[in-house]
Amino acid sequence: MLKPFAFCLLAVLLFAGCKYEHGSSGHMRSVTKAVTSSRLAHADQNQSDWLSYGRNYAEDRFSSLNLVNSDNVDQLGLAWSYNLGKQRGIEATPLVVDGILYISGPWSVIWAINAKDGSLLWEFDPKVDRAYATKACCDVVNRGVALYDGKVFIGTLDGRLVAVDAATGHPVWSTITVDQSKTYTITGAPRVVNGQVIIGNGGAEYGVRGYVSAYDAVYGNLLWRTYTVPGDPAQPFESAAMEAAAATWAGNWWEYGGGGTAWDAMAFDPVLNLLYIGTGNGAPWSRMHRSDGEGDNLYLSSILALNADTGELVWHYQTTPGDSWDFTATQPLILADLDIDGETRQVIMQAPKNGFFYVIDRTDGSFISAKPYVEVTWATGMDAETGRPITPAASFFEEGEANIAPSPYGGHNWQPMAYNKNTGLVYIPIRTHKIQIAQNPNWVYREGRWNTGILSRDLSEPEGFLIAWDPIRQFEAWRIPLAHHWNGGVLTTAGNLIFQGNGEGMFVAYDATTGEQLAAHFLGGGIIGSPITYSMDRQQFVTIVAGWGGAGGLMAPPAGEAAKKEPVGRVFTFALGADTPMPDFPDRPPIEPRTSSAPVRAEAITAGTRLYNTHCSRCHGWGAVSNTGVPDLRRASQEVHNQFAAIVYGARADKGMPSFSANLAPEEVTNIQAYIISTTQP
């Protein structure tokens, strides 16, 4: 007979064995509590997991796993897939810890999924008011979560930072990080540094002032906040850095917000204790309207190195002084140690929107090198002594027009690049596009509305490529043309592989040395998210999420077969020898002719085309073609057309369709409807 104590001990052990079964809440709590500051700082010592947005603090997206390699990648098969049930853009990079996958999606929803078999463990919906879609410049996307000490952290579209219990999906704390009366949004992934959750925000197009904040990971209280541009100089400056920056501005910039939002890029050097932040464009875009055409406008379009404990600015490097072209420096940052001229340099690498690939000393911000990775016309080169671009006055288009490349979409946008330590190459999803740009002479600031201050037209069709870039010799090693200009982020591995999803719905593996395509899988819809890899039970897995959208996806449908399919967000995980059948990818229904109560006249269609392109295309796509979950207006039901004016004037604001009552007169609404109806006719 067991003694009472022994029986209790046995019961505890048996219960613990059950409790810590893979995927149980006890197992989840145990493994996520083990994600500490030390473990994040030493992520390279454990390649089985993917613990933070860029895999490690260097954000290099390089995995040393090589069970899947260039010799056998063609044997990858589908292990499992999961339908997220969302029809908006999915830009996220998943996280994985000991068999638990965490991913975010549209409207800042989080899913916890068993990474072995794809079964759902929990789902958390922060209940973002759908009206917030009107404040989001570039879709209701979210690029990822952070994991630390048993919690999952997400920045929500409406400006909150929420901590969720990683084992149960229940909220632990929530704090508002922005003035919600203004047009701030959050789409970027938070990072955890020294027990602090770091988060920025977006919204510069609408007229806000950028900043980055640090919150205590345990309690959610604000620890420090660093602004990226100066505010009203009549008020006390928040720091010496803001006082210095104000000397580089003119006019009444603070009335328009100023911009400089830190909506994506972050990296961290735990040895130097420096947190690196990329900052965004001005508000408005045009320096002439924003700052009377004067000054560098610090710290727009810059890399900022902050003391990670206090947020104090240690150094800065501005990639685009006086930015007038929406050339953000919010594109991903990668930390590396490179052998340059016989000396090992601690560097930051970045390919921001402006078209130059930068190598900067991360200890002090000193310039090392920069070369164009796409066609660049706004600058003629780079001053090797000062590290400043050589920018002709005409490029600022203060009088007349300028032909500018790259366009405001950038030579490289938010989609992550990756650095392979074995090949020494950086793999970058790029795009080429040239526009003609001019000042908008009728521009007036409209609070809470799209504010650029420019007029533009296309001079070329945008094209997309995947390139391999040598950061030491600063030249392109090879280039792969892609079917669409809007494509996903990149993963590279020690198996001499690159993985990327693209705008025609293909998930592709390439040889990291040569760029040769080695394998491809059609995933039923356009892909803009970024792949990851992890291992369990002596198997290596590769995961990607498909879901079309984002800034480029809203404007244009995916390419090829993906354009014919219903837009559905799905997680796909692959493993060697796996043979799970692909899910069904339903075709989109045919377009049926529609009518309206008003006659459709040719002049109404002409006027409606112009009005649609001005007010509607940014969400519903050029030509009324959408494949993002935002309604494809060619497929709008007759009932929608019968209620068309009411919907335009706010009847569906709770679903994310804003009211245009202040922008469109009844006759203009009728003309827009006439244009849309014309697109449904055989």
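About the thresholds
Residues numbered from 1 in each chain as written. Predicted model: local features only at pLDDT ≥ 70, side-chain atom pairs only at ≥ 80, totals over all residues. Heavy atoms only, no water. Helix = DSSP H or I, 4+ residues; strand = E, 2+ residues; numbered from the N terminus. Rg over C-alpha atoms; globule rule 2.2 N^0.38 Å. Buried < 20%, exposed > 50% of the residue type's maximum accessible area, 1.4 Å probe, protein only. Axes fitted to C-alpha atoms, helices over the stretch in contact; angles between N-to-C directions. Parallel < 35°, antiparallel > 145°, perpendicular 65-115°, else oblique. Contact = heavy atoms within 4.5 Å. Nonpolar A, V, L, I, M, F, W, Y, C, P; charged D, E, K, R; others polar. Disulfide = S-S within 2.5 Å. Core = buried A, V, L, I, M, F, W, Y, C linked by side-chain atoms within 4.5 Å. Polar contact = N/O pair within 3.5 Å; in protein donor to acceptor, adjacent residues only side chain to side chain. Expected span 1.5 Å × (residues − 1). Pairing = 2+ DSSP bridges. Phe/Tyr/Trp six-rings, centres within 6.5 Å; stacked < 30°, edge-to-face > 60°.

Caption draft 1: Structural context of the overall build of the protein chain. Looking only at helices and strands, one finds 11 helices and 40 strands in the protein chain. For 682 residues, the compact-globule estimate of 2.2 N^0.38 gives 26 Å, and the protein chain sits close to it at 25 Å. The principal-axis extent of the C-alpha atoms belonging to the protein chain is close to 90 × 60 × 50 Å. A total of 682 residues make up the protein chain; the buried ones form 61% of that total.

Caption draft 2: Structural context of the packing of helix H7 (residues 602–615) against helix H11 (residues 666–680). Contact pair H7 / H11: the axes reach a minimum separation of 7 Å and the direction vectors enclose 100°. The orientation of H7 relative to H11 falls into the category roughly perpendicular. Contact with H7, carried on its side by Ala604, Ile605, Ala607, Gly608, Thr609, Leu611 and Tyr612, involves Glu668, Asn671, Ile672, Ala674, Tyr675, Ile676 and Ser678 of H11 and no other residues of that element. Its residues placed into classes, the contact of H7 with H11 shows nine nonpolar, four polar and one charged.

Caption draft 3: Spatial organisation of the state of the cysteines. For the coordinates displayed, the defined rule picks out one disulfide. What pairs with Cys137 in a disulfide is Cys138, and their sulfur atoms sit 2.2 Å apart. Across the S-S bond of Cys137 and Cys138 the torsion is about -90°, and the bridge reads as left-handed. For Cys137, a relative accessible area of 22% puts it in the partly exposed group. Not part of a disulfide, Cys616 finds its nearest cysteine sulfur in Cys619, a span of 9.0 Å. Assessed through its relative accessible area of 30%, Cys619 is described here as partly exposed.

Caption draft 4: Structural context of the nonpolar core. Counting 97 residues, the largest nonpolar core has Tyr102, Phe153, Phe499 and Tyr534 as its most contacted members. Ranked by residue count, the leading element in this core is strand S39 (residues 539–546), at five residues. With 31 residues, the next largest nonpolar core counts Ala267, Tyr358, Val376 and Trp378 among its residues.

Caption draft 5: Up close: unusual backbone geometry. Following Ala283, the chain continues to Pro284 via a peptide bond in cis, the omega torsion being -5°. Structurally, the position occupied by Pro284 is in the loop between strand S18 (282–283) and helix H5 (287–291). In this structure, Tyr299 follows Leu298 across a cis peptide bond, with omega equal to 0°. With respect to the helices and strands, the residue Tyr299 is situated in the loop between H5 and strand S19 (302–307). A positive phi angle, near 55°, is found at Asp341, a position not held by glycine. Tracing the backbone shows Asp341 in the loop between strand S21 (333–340) and strand S22 (343–350). A relative accessible area of 80% means that Asp341 is categorised as exposed.

Caption draft 6: Main features of the side chain of Arg143. Counting through the fold element by element, Arg143 comes out in the loop between strand S6 (120–124) and strand S7 (146–148). A relative accessible area of 2% places Arg143 in the buried class. Polar side-chain contacts of Arg143 include one of 2.7 Å to the side chain of Thr187. At a separation of 3.0 Å, a polar atom in the side chain of Arg143 contacts the main-chain carbonyl oxygen of Trp263.

Caption draft 7: Spotlight on H7. Compared with the 20 Å implied by 1.5 Å per residue over 14 residues, the 20 Å span of H7 between its first and last C-alpha is a close match. Looking at the buried positions of H7, the neighbouring elements they touch are helix H8 (617–620) and H11.

Caption draft 8: Region of interest: the pairing of strand S13 (residues 211–216). With respect to burial, S13 is a largely interior element, six of its six residues being buried. Residues Tyr211, Ser213 and Tyr215 point to one face of S13 and Val212, Ala214 and Asp216 to the other, with burial holding for every one of them. Where strand S12 (residues 196–199) lies against S13, four bridges are found, and the strand directions are antiparallel. Bridging across to S13, Gln196 finds its partner in Asp216. Pairing analysis gives five bridges linking S13 to strand S14 (residues 222–227), with the strands arranged antiparallel. Paired with Tyr211 across the two strands is Tyr227, which belongs to S14.

Caption draft 9: The sheet that holds strand S11 (residues 191–193), seen in detail. Across the sheet, four strands lie side by side as S11-S12-S13-S14; this open sheet has antiparallel pairing. Since the sheet does not close on itself, it has two edges, and those belong to S11 and S14, each with one partner. Geometrically, the sheet is characterised by an average inter-axis angle of 25° between neighbouring strands, direction not taken into account. Sheet topology places S11 next to S12; three bridges connect them, and they run antiparallel. Directly across from Val193, in S12, lies its bridge partner Gln196.

Caption draft 10: A look at the packing of aromatic side chains. In this structure the tally under the stated criterion is 29 aromatic pairs. Between Trp249 and Trp253, the ring centres sit 5.5 Å apart and the planes meet at 40°, which makes this aromatic pair tilted. A single burial state applies to Trp249 and to Trp253, both of which are buried. With 6.2 Å between their ring centres and 15° between their planes, Tyr317 and Phe367 make a pair best called stacked.

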